[in-house]
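Each chain is listed here by its residues.
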Amino acid sequence: MDLFFVASEATMLWTATRLILLVAFILLLHCLRLVITRLYFSPIAKFPGPRLAAISYWYEGYYDLLSQGGGQFAFQLKRLHGIYGPIVRISPDELHIDDPDYYSEIFCNSHPSRPIDKTDLFKYRLNIAESIVSTVSAEDHRLRRAAVAPFFSKARTRGYNVELQRIADRISHRLSTEYSGTGRVVHVTHMWSSFTGDMIRKLAFGLPITFCDAPGFVSPFPAAMASFIHLAHYSTHFRFLGSIIESVPDSILLFLLPAARGIIEYRQVMLYHDQFSFKISNLIQELRRQIKVILASHKSDEHKASDHPTIFHEILASGLLPPKDLSFDRLTQEAMLLNGAGIETTSWSLTIATFYILSNPSIENRLKEELMSAVPNPAEILPWGALEQLPYLSAIVNEGTLVRDEPNLVAHMQSSHFRPALRLSFGSVQRLPRVNRLATWVYKDYEIPPNTPVSMDAYHTHTDERIFPDPLEFRPERWLGDPMGPDGIHPLSHYLVSFSRGARGCLGMDLAVMEVYVGLATIFRRHNMRLFETTRADVDFAIDLVKPVPKRGSKGVRVTIT
Ligand code: HEM
């Protein structure tokens, strides 16, 4: 009996071992097949690039998540272009191009007969897969964008100027009454996030100004929006993350994923719902609550009485979207996008501008002289349209001036494909991939097969020495006097791509530009500031978290009001 038992145990062990060996062998064969296919039989096998990147997506994963603590892929791409030239295969299926003259070809040619899609790879990175910015198919995107676009037209944006000035005045009043002459330190990014946060919340939800009244300008809502981005690389490489994160208890989440700390802290903070009441909630619950209110008021037609219909009332009333796109969940994702995009990016542009103006007395003096003469009464800041006519302020805002006398440039600026941008704030430093679903792109001697993701980005374009000598130096003067690009054909401003371009370019571009003009004009016309324990290291791009982030441990740009 015992012998029989031992024999059958040995047989079972042998069978299990054979099974494991078989599975290992099949896996090995599968990997080998994958490596050989990707290296030799891929439609982009002939493109130059490191073999490891051609074999595995984990090449990118290593730089996104591990190298120097993560967020290093943009820098690695620059190194790869130094080795392999302007077009590089950066993953099993993606090419990256570093050639500013090719930018419009990739970003400005979407057409119903030639649809340009986004990639599945980035669909989940912001955990808002169904929002406009993450929508993969060109057709779905066109509809979703059309429902929101009128709200952000330049003409409509001008109409938000009065409200924006009111918010800027509120901040300015606090600087005068609470900070001026006291030595108290203002955290500049917090201040600007409360400015942009209040504006977008007003537009999105019709809510009153509250962020810029928060102690120290630190409002949990903008802070939470900022913290969400810390998960971007993890969500890109582990797509399931977004859907489970909400159901995992804080302590387990923190243990498994330290990058989620921001979200956890957010779950535990208080939100300003209105000026007088506070409530414990989390970001998504807060946005859901707002969307619920809007859906209810839409059904009851209450919003028609309001002189301020919100973005979401407009989406609901547009009649452009199919019912699935009007679902509660999708609208919540759109709310997350609009709040995230509307707060963070512009606030960083304003922070960068504030830092560079204050760290360079000749720039600060020249700006102040211009503002003093154009705005004799500091209580009456000019509207955006008039501020745009100030050459030195414009040079700072854009690191590029609106050259008003140059007809081609004016036409170019007015086209939907171009608007100025603050060069050194970059916008997104992560590459933006585009997929030409049906047609071939031709780059130099290369034919890029249809359906191949091809990416470019503002970081490479804005730091191209041939276009912007000493690219990391802030020099408004490089934009004065009708400057042309290196080809002598395109104006220099053609090479500013912070907002990207074309059908998928930034929807809030005019709003962002207006915010930067009004914010800088108000604060620099009325206040004298000094940097407090802040250096270049607090603004220099060191980590790619989709947006540029300075070195770890930076306390941010801080000032005192004299
Ligand atoms: C300086 C400030 C800003 C910069 C540099 C910036 C930059 C960008 C960039 C580069 C994109 C394209 C992303 C991609 O292709 O994946 C984008 C898209 C977008 N931005 Fe902005 N943005 C700024 C401010 C704003 C503001 C204030 C809003 C207002 C809500 C906004 C709303 C959006 C939206 C909705 C999209 C998606 C557009 C689409 O997919 O069709 N952005 N932005």
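Because the structure is predicted, anything quoted here is derived from the model rather than measured. (Residues numbered from 1 in each chain as written. Predicted model: local features only at pLDDT ≥ 70, side-chain atom pairs only at ≥ 80, totals over all residues. Heavy atoms only, no water.)

**Q** Now, about the site of the ligand: what can you tell me, with residues and values included?
**A** Taken together, 27 residues lie around the ligand, and Lys118, His141, Arg145, Arg434 and Cys506 are the ones closest in. A distance of 2.6 Å separates an oxygen atom of the ligand from a polar side-chain atom of His141. Residue Arg145 places a side-chain N or O atom 2.7 Å away from an oxygen atom belonging to the ligand. If you list the elements that add at least two residues to the shell around the ligand, you get α6 (138–148), α17 (328–358) and β7 (432–436). Counting residues per element, the shell around the ligand draws most heavily on α17, at seven residues. Here the residues of the shell around the ligand sort into 12 nonpolar, 10 polar and five charged. (Near = heavy atom within 4 Å. Polar contact = N/O pair within 3.5 Å; in protein donor to acceptor, adjacent residues only side chain to side chain. Helix = DSSP H or I, 4+ residues; strand = E, 2+ residues; numbered from the N terminus. Nonpolar A, V, L, I, M, F, W, Y, C, P; charged D, E, K, R; others polar.)

**Q** Tell me what's going on with the pairing of strand β10 (residues 453–456), and back it up with residues and numbers.
**A** Taking every second residue as pointing to the same face, both faces of β10 are buried, with Pro453 and Ser455 on one and Val454 and Met456 on the other. Note: strand β2 (residues 95–97) against β10, two bridges, orientation parallel. Counted as the bridge partner of Leu95 is Val454 from β10. Strand direction decides the pairing type here: β7 and β10, joined by four bridges, are antiparallel. (Buried < 20%, exposed > 50% of the residue type's maximum accessible area, 1.4 Å probe, protein only. Pairing = 2+ DSSP bridges.)

**Q** Can you lay out the packing of aromatic side chains for me, pointing to particular residues and giving the numbers?
**A** For the structure shown, the criterion picks out 21 aromatic pairs. Ring centres of Phe355 and Tyr356 lie 5.1 Å apart, and the angle between their planes is 75°; on these two criteria the pair is classed as edge-to-face. Residue Phe355 is classed as buried on the basis of its relative accessible area of 3%. Among the aromatic side chains, those forming a connected cluster through ring pairs are Tyr59, Tyr62, Tyr63 and Phe73. Here the guanidinium or amino end of Arg174 rests over the ring plane of Phe217, the centre of that ring lying 4.4 Å away. Sitting over the face of the ring of Tyr179, Arg184 holds its NZ or CZ atom 4.4 Å from the ring centroid. (Phe/Tyr/Trp six-rings, centres within 6.5 Å; stacked < 30°, edge-to-face > 60°. Lys NZ or Arg CZ within 6 Å of the ring centre and 35° of its normal.)

**Q** I'd like a description of the side chain of Arg330, backed by residues and values.
**A** One can find Arg330 in helix α17. Within polar-contact distance, the side chain of Arg330 engages the backbone oxygen of Glu130 at 3.0 Å. Polar contacts involving the side chain of Arg330 include one to the side chain of Glu334, which spans 2.7 Å. When residues no more than four places from it in sequence are discounted, the contact partners of Arg330 are Glu130, Ser131, Ile132, Arg144, Leu321, Lys324 and Asp325. (Contact = heavy atoms within 4.5 Å.)

**Q** Any chance you could break down unusual backbone geometry for me, citing the residues and the numbers?
**A** Of note in this structure, Asn127 is not a glycine but carries a positive phi near 55°. Locating Asn127 in the fold gives a position in the loop between β3 (116–117) and α6. According to the relative accessible area criterion, Asn127 is partly exposed, its value standing at 23%. Of note, the phi angle at Asp470 is positive, near 45°, even though the residue is not glycine. With respect to the helices and strands, Asp470 occurs in the loop between α22 (458–462) and α23 (509–526).

**Q** Lay out empty space enclosed by the protein with the relevant residues and their values.
**A** Summed over the entire model, instances satisfying the criterion amount to five cavities of 30 Å³ or more. Empty space within the second largest cavity amounts to approximately 80 Å³. Taken together, Lys118, Thr119, Phe122, Lys123, Arg125, Val133, Ser134, Arg431, Leu432, Pro433 and Arg434 make up the lining of the second largest cavity. Class assignment for the residues of the lining of the second largest cavity results in four nonpolar, two polar and five charged. (1 Å grid on protein atoms, 1.4 Å probe; cavity = no way out; pocket = protein on both sides within 12 Å on 5 of 7 lines; lining within 4 Å. Points joined across faces, edges and corners; volume = space filled by probe spheres on them.)

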